[in-house]
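Okay, here's what each chain looks like letter by letter:
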Amino acid sequence: MWSIILSIIALGIIAGVSFYAFKLLRKLRHQNTLIKQAKIARTKRLKESMVIIAKAMQNGDCNHSEGVIRLSMLLLPFGQSLQPYQAMHALYNIVKEMPTHEARKALLKKERMKLDLERESAEAKFEEEIMLELRQFLNDVEKFGEARSEERFSRNAETDLVC
């Protein structure tokens, strides 16, 4: 008699745990779908931003110094850099340490003018090469993200999902 009662209780516990495991698996599948959608949306946003900035640089709506700084930041999630684009990379290396915002305002006028001259000279020096590289960059943007590390991409997508 007791063995029948215990067997029924055991079957009830097994059924309850099985139902709970099934619910957890469904929830996990749903979360994985959300993460995948977040990855796709994030990649699309980053690529769109890169295209907008590169085209603005081509049209003269964004100076090259600002453009290379912004592009270098947008390339990081893809594990990329401006290194394949020699002129843009060279300009980035010149301007990356220049003070901005409050630090720039704190400089003396003479120091700001010296930095502006250095930046503008570098922009003029690399102008033609950057314009050629921007065409190549725009062609390359579509390939970004295709051969990414899945681990890094998952971590970034999960951060986007949480934020």
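The paragraphs below set out a description of the structure included in this document. (Residues numbered from 1 in each chain as written. Predicted model: local features only at pLDDT ≥ 70, side-chain atom pairs only at ≥ 80, totals over all residues. Heavy atoms only, no water.)

### Notes on the overall build of the chain
Part 1 of the argument: Helix and strand content of the chain: six helices and zero strands.
Part 2 of the argument: Shown N-terminal to C-terminal, the secondary structure of the chain runs as helices and strands in the order α-α-α-α-α-α.
Part 3 of the argument: Within the span of the chain, comprising 163 residues, buried residues form 31% of the whole.
Part 4 of the argument: Considering only residue pairs separated by 6 or more positions, the chain has 72% of its internal contacts joining residues 24 or more positions apart.
Part 5 of the argument: When the accessible surface of the chain is totalled, it reaches about 11,600 Å², and 59% of it is carbon and sulfur. (Helix = DSSP H or I, 4+ residues; strand = E, 2+ residues; numbered from the N terminus. Buried < 20%, exposed > 50% of the residue type's maximum accessible area, 1.4 Å probe, protein only. Contact = heavy atoms within 4.5 Å. Areas by Shrake-Rupley, 256 points an atom, 1.4 Å probe, with all protein chains shown as cover.)

### With respect to helix H1 (residues 2-59)
Part 1 of the argument: For H1, spanning 58 residues, the distance from its first C-alpha to its last is 85 Å, which sits close to the expected 86 Å at 1.5 Å a residue.
Part 2 of the argument: All of the buried residues in H1 are Ile35, Ala38, Lys39, Arg42, Thr43, Leu46, Lys47, Met50, Ile53, Ala54, Ala56 and Met57.
Part 3 of the argument: Of the residues trailing H1, glycine 60 is marked for its positive phi of about 85 degrees. (Expected span 1.5 Å × (residues − 1).)

### Comments concerning the pattern of salt bridges
Part 1 of the argument: Following the criterion strictly, the structure yields seven salt bridges and no others.
Part 2 of the argument: Between glutamate 66 and arginine 70 there is a salt bridge, with its nearest N and O atoms 2.7 Å apart. Here the residue glutamate 66 and the residue arginine 70 both occupy positions in helix H2 (residues 64-75), the gap between them amounting to four residues, near one helical turn.
Part 3 of the argument: By relative accessible area, glutamate 66 is classed as partly exposed at 35%.
Part 4 of the argument: The partner of lysine 143 in a salt bridge is aspartate 140, and the shortest N-O contact between them spans 3.7 Å.
Part 5 of the argument: The structure contains a network of salt bridges with shared partners spanning Arg104, Asp116, Arg119, Glu120 and Glu123. (Salt bridge = Lys/Arg side-chain N within 4 Å of Asp/Glu carboxyl O.)

### Some remarks on the packing of aromatic side chains
Part 1 of the argument: Inspection of the entire model under this criterion finds three aromatic pairs.
Part 2 of the argument: An angle of 35 degrees between the planes, with centres 6.1 Å apart, marks the rings of phenylalanine 78 and phenylalanine 144 as tilted. Placement of the pair is phenylalanine 78 in the loop between H2 and helix H3 (86-95) and phenylalanine 144 in the loop between helix H5 (109-141) and helix H6 (150-162), with a sequence separation of 66 residues.
Part 3 of the argument: Put simply, the rings of Phe78, Tyr85, Phe137 and Phe144 touch in pairs and so form one group of aromatic residues. (Phe/Tyr/Trp six-rings, centres within 6.5 Å; stacked < 30°, edge-to-face > 60°.)

### Brief notes about the layout of surface pockets
Part 1 of the argument: Each pocket or cavity is described by its volume, and for the largest pocket that value is around 300 Å³.
Part 2 of the argument: Residue lining of the largest pocket: 14 residues in total, with Ile69, Pro99, Thr100, Arg104 and Arg119 positioned closest to the centre.
Part 3 of the argument: When residues of the lining of the largest pocket are traced back to their parent elements, those giving at least two are H2, helix H4 (101-105) and H5.
Part 4 of the argument: Residue classes in the lining of the largest pocket are distributed as five nonpolar, four polar and five charged. (1 Å grid on protein atoms, 1.4 Å probe; cavity = no way out; pocket = protein on both sides within 12 Å on 5 of 7 lines; lining within 4 Å. Points joined across faces, edges and corners; volume = space filled by probe spheres on them. Nonpolar A, V, L, I, M, F, W, Y, C, P; charged D, E, K, R; others polar.)

### A look at the nonpolar core
Side chains of nonpolar character tend, in soluble globular proteins, to be buried together.
Part 1 of the argument: Counting 29 residues, the largest nonpolar core has Met50, Met57, Met88 and Phe137 as its most contacted members.
Part 2 of the argument: Counting residues per element, this core draws most heavily on H5, at eight residues.
Part 3 of the argument: If near-sequence neighbours (up to four positions away) are discounted, methionine 88 is found in contact with Met57, Val68, Leu71, Leu82, Ile130, Glu133, Leu134 and Phe137. (Core = buried A, V, L, I, M, F, W, Y, C linked by side-chain atoms within 4.5 Å.)

### Notes on the packing of H2 against H3
Part 1 of the argument: Their axes nearest at 9 Å, the elements H2 and H3 cross at an angle of 95 degrees. As far as their axial angle goes, H3 and H2 are roughly perpendicular. For the pair H2 and H3, contact is made by His64, Ser65, Val68, Ile69, Leu71 and Ser72 and by Met88, Leu91, Tyr92 and Val95, respectively. (Axes fitted to C-alpha atoms, helices over the stretch in contact; angles between N-to-C directions. Parallel < 35°, antiparallel > 145°, perpendicular 65-115°, else oblique.)

### Here we look at a nonpolar patch on the surface
Part 1 of the argument: On the surface, Met1, Trp2, Ile5, Leu6, Ile9, Ile13 and Val17 cluster together into a nonpolar patch covering about 820 Å² of accessible area.
Part 2 of the argument: Take isoleucine 13: it is sitting in helix H1.
Part 3 of the argument: We classify isoleucine 13 as exposed; its relative accessible area is 53%. (Patch = residues over 30% accessible without salt bridge, like charges linked within 9 Å, V, L, I, M, F, W, Y side chains within 5 Å.)

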